[in-house]
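Architecture at a glance
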Amino acid sequence: MKYILVTGGVISGIGKGIIASSVGTILKSCGLHVTAIKIDPYINIDAGTFSPYEHGEVFVLDDGGEVDLDLGNYERFLDIRLTKDNNLTTGKIYQSVINKERRGDYLGKTVQVVPHITDAIQEWVVKQATVPVDDDGVEPQVCVIELGGTVGDIESMPFIEAFRQFQFKVKRENFCNIHVSLVPQPSATGEQKTKPTQNSVRELRGLGLSPDLIMCRCSTALENSVKEKISMFCHVEPKQVICVQDVSSIYRVPLLLEDQGVVSYLSRRLNMPIDARPRKMLTKWKEMSDRSDRLLEHCSIALVGKYTKFSDSYASVIKALEHSALAISHKLEVKYIDSACLEPGTLQEEPVKYHEAWPHFCFGVRGTEGKIHAINWARIQKKPFLDANSTEFDPDSKHPVVIDMPEHNPGQMGGTMRLGKRRTIFTNDTSVLRKLYGDADYVEERHRHRFEVNPELKSHFEEKGFRFVGQDVEGERMEVIELDDHPYFIGVQYHPEFTSRPIKPSPPYLGLLLAAAGKLQSYLQKGCRMSPRDTYSDRSGSSSPDSDISELKMPSISSE
């Protein structure tokens, strides 16, 4: 097993997740099986109870794990399926060690950070690195480990110490460290500054880890003199200083690393068997990047929600929309609208916000009423609409349309939702969504909810043209609803965005974008013979929208 540790310096949110994903992508393009682990130094057991304003969205895995959004990046870039143990937190480690101590596993010894916590970290990484994440079930050969936060943070010290020891246990040829740092360029001088990177690397080396590659985040490409200065003061060769400047699309980051010889370096440094065949996977990424830059037609989508001030709150939704927009050759324009601003009460309290929000929307407990007004408007105006979950209601309502699930434990918040991959059975042959899924009998998508549509009201909805076309395997829970006589009005209980991939867009989101572009009916009339998620391109060896979309002058990624 080869281990690649990705650390970060200077500031948090520097892009370690995208860089870790990109490193994994270029290695996977060489024929290697790659897995990924995200370490979060916070004491929470998992991300399930976070406000989206803390760390962005909570990403949900097949096994119901509520994890950091970076695992979403790993899954999308590497097209893998991770488990909850691929997200390691301080809380999980301490809980594991304390449970062992209570059982008497330490035989009366004093339990300490070193060696017990650091040993537990290393054991977790070694065990999780061997868990297969690809559909073929083959054990991974490379494990990319991202250490969240910034080097020097007090909460990450046990993890740094654990990896200081780990590098000697697994031997030098099986472990390397990539350090991501910031090279700021103050507008006053326009000069790229290396001092923050020097200080960050010095601190990391002082803690016992010496970076093999220094990846410099910067707004423009690094000048040669800057590279040489970082090389001289940070104890690496110039070729080990990698420039990761701002690019037009995150799809270009793997190409950026490949162009600077990262694969060649890692191959030599870790003595890895690199496949000499043409790298079809990188060809796919280049096609996506070039295509994304050439898009001329625009498609506007209004995203109405409670947490729109922070775009990472809806990271997977945005990615799913981008994947679908790319599939139909449109550039996505997202209009973020705070649902609270659409409520009648806002008209009285803050009329300016109210009158600003509604024109944005009508282009073509807090916030719940606003969402309902938005849904009502989309229904009446026959605007394409997709609702990917619903979790809020008034517990004292006399007309409970949405109810608490019987098995939900209201006394505890963490891990009490209906979580993970579950099967939804289609009950209607004429369902639009069923056709978009390739006329499948059922689908398996990821869930995260505490509430459900009151099944007692099913007949009342269907009398008005709202059809429940998808149910759970027991036939008790309503999973998919569609409105008759409407271009595209669909609600799903699950979160289809979590399984969307750059060239395998999620069918519900693809349907929304097709409808918004005015092309859905043409696509459906062609027969929807294959789902865009299940069609493979001969050139890139990966999924792309089928020929039906190409015939609609929406060429697939592989046809350009």
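Notes on the structure follow.

What counts as what
- Residues numbered from 1 in each chain as written.
- Predicted model: local features only at pLDDT ≥ 70, side-chain atom pairs only at ≥ 80, totals over all residues.
- Heavy atoms only, no water.
- Phe/Tyr/Trp six-rings, centres within 6.5 Å; stacked < 30°, edge-to-face > 60°.
- Helix = DSSP H or I, 4+ residues; strand = E, 2+ residues; numbered from the N terminus.
- Buried < 20%, exposed > 50% of the residue type's maximum accessible area, 1.4 Å probe, protein only.
- Lys NZ or Arg CZ within 6 Å of the ring centre and 35° of its normal.
- Patch = residues over 30% accessible without salt bridge, like charges linked within 9 Å, V, L, I, M, F, W, Y side chains within 5 Å.
- Areas by Shrake-Rupley, 256 points an atom, 1.4 Å probe, with all protein chains shown as cover.
- Salt bridge = Lys/Arg side-chain N within 4 Å of Asp/Glu carboxyl O.
- Pairing = 2+ DSSP bridges.
- Axes fitted to C-alpha atoms, helices over the stretch in contact; angles between N-to-C directions.
- Contact = heavy atoms within 4.5 Å.
- Expected span 1.5 Å × (residues − 1).
- Arc of directions from axis to C-beta.
- Right-handed = clockwise from strand over helix to strand, strands pointing away.
- Parallel < 35°, antiparallel > 145°, perpendicular 65-115°, else oblique.
- Left-handed = near helix turned anticlockwise from the far one by under 90°.
- Nonpolar A, V, L, I, M, F, W, Y, C, P; charged D, E, K, R; others polar.

Summed over all chains, the structure comprises 11 aromatic pairs. Ring centres of Tyr3 and Phe166 lie 4.8 Å apart, and the angle between their planes is 80°; on these two criteria the pair is classed as edge-to-face. Here Tyr3 is found in strand S1 (residues 2–8), whereas its partner Phe166 is found in helix H6 (residues 157–169), with 163 residues between them in sequence. For the pair formed by Tyr3 and Phe166, the shared burial category is buried. On the basis of an interplanar angle of 50° and a centroid distance of 5.9 Å, the ring pair of Phe426 and Tyr437 is categorised as tilted. Here Phe426 is found in strand S14 (residues 418–426), whereas its partner Tyr437 is found in the loop between helix H16 (432–436) and strand S15 (442–449), with 11 residues between them in sequence. You'll find Phe426 and Tyr437 in the same group, each marked buried. By way of ring pairs, the aromatic residues Tyr3, Phe163, Phe166 and Phe175 are connected into one cluster. Arg423 extends its terminal NZ or CZ atom over the ring of Tyr442, reaching a point 3.7 Å from the ring centre.

Here we come to unusual backbone geometry. With omega at 20°, the peptide bond leading from Val114 into Pro115 counts as cis. One can find Pro115 in helix H5 (residues 113–129).

Let us now look at the side chain of Asn73. Note on placement: Asn73 falls in helix H3 (residues 70–78). The class of Asn73 is buried, set by a relative accessible area of 8%.

On the surface, Tyr94, Ile98, Val113 and Val114 cluster together into a nonpolar patch covering about 310 Å² of accessible area. Sorting the residues of the nonpolar patch by element identifies helix H4 (90–103) and H5 as the ones contributing at least two each.

It is a general feature of regular strands that their side chains alternate between the two faces of the sheet. Most of S15 sits out of view: six of its eight residues are buried. Where S14 and S15 come together, eight bridges link them in antiparallel fashion. The residue of S15 that forms the bridge with Gly420 is His447.

Sheet architecture is open: seven strands sit in the order S5-S2-S6-S1-S7-S8-S9, paired in parallel fashion. On the outer flanks of this sheet lie strand S5 (87–89) and strand S9 (241–245), each paired with one strand and no other. Direction aside, the axes of adjacent strands within the sheet are offset by 20° on average. By the bridge criterion, three bridges tie strand S2 (residues 34–40) to S5 in an arrangement that is parallel. Among the inter-strand pairings, Ile39 is bridged to a residue of S5, identified as Leu88. This element, helix H7 (residues 195–206), spans S1, strand S7 (175–182) and strand S8 (213–218) of the sheet and lies at about 145° to S7.

What follows is about H7. Helix length check: H7, at 12 residues, gives a terminal C-alpha distance of 16 Å against a target of 16 Å (1.5 Å per residue), a fit within 8%. Of the positions making up H7, those classed as buried are Thr197, Gln198, Ser200, Val201 and Leu204. Take H7 and look down its axis: the buried residues cluster within an arc of 165°, on one side only. When the buried face of H7 is taken as reference, the exposed residues oriented beyond 90 degrees from it are Lys195 and Gly206. On the buried face of H7, the contacting elements are S1, H6, S7, S8 and helix H8 (224–234). Once H7 ends, the next one or two residues include Gly208, with phi positive near 105°.

This part covers the pairing of strand S10 (residues 298–305). Where burial is concerned, the two faces of S10 differ: the one with Cys299, Ile301, Leu303 and Gly305 is buried and the one with His298, Ser300, Ala302 and Val304 is not. Bridge count between S10 and strand S11 (residues 331–338): eight bridges; the pairing is parallel. Residue Cys299 lies in a different strand from S11, and its bridge partner there is Leu332. Following the chain from S10 across helix H12 (residues 315–327) to the adjacent parallel S11, one finds a crossover that is right-handed.

Moving on, we come to the packing of H4 against H5. As a packed pair, H4 and H5 sit with axes 10 Å apart at the nearest point and diverge in direction by 115°. Accordingly, the angle class assigned to the pair H4 and H5 is roughly perpendicular. Pair H4 / H5 crosses with right-handed handedness. Contacts between H4 and H5 involve Lys92, Ile93, Tyr94, Val97 and Lys100 from the former and Val113, His116, Ile117, Ala120, Ile121, Glu123 and Trp124 from the latter. Split by residue class, the contact of H4 with H5 holds eight nonpolar, one polar and three charged.

For the rest of this paragraph, the subject is the pattern of salt bridges. Counted according to the given criterion, the structure contains 31 salt bridges. For Arg501, the salt bridge goes to Glu75, with nearest N and O atoms at 3.5 Å. In this pair, the class of Arg501 matches that of Glu75, namely buried. Two residues, Lys100 and Glu123, come together in a salt bridge whose shortest N-O distance is 3.7 Å. Within this pair, whereas Lys100 is found in helix H4, its partner Glu123 is found in helix H5, the two being separated by 23 residues in sequence. The exposure class of Glu123 is partly exposed, given its relative accessible area of 46%. Among the ionic contacts, a cluster of salt bridges with common partners joins Asp62, Glu75, Asp79, Arg81, Arg446, Arg501 and Lys504.

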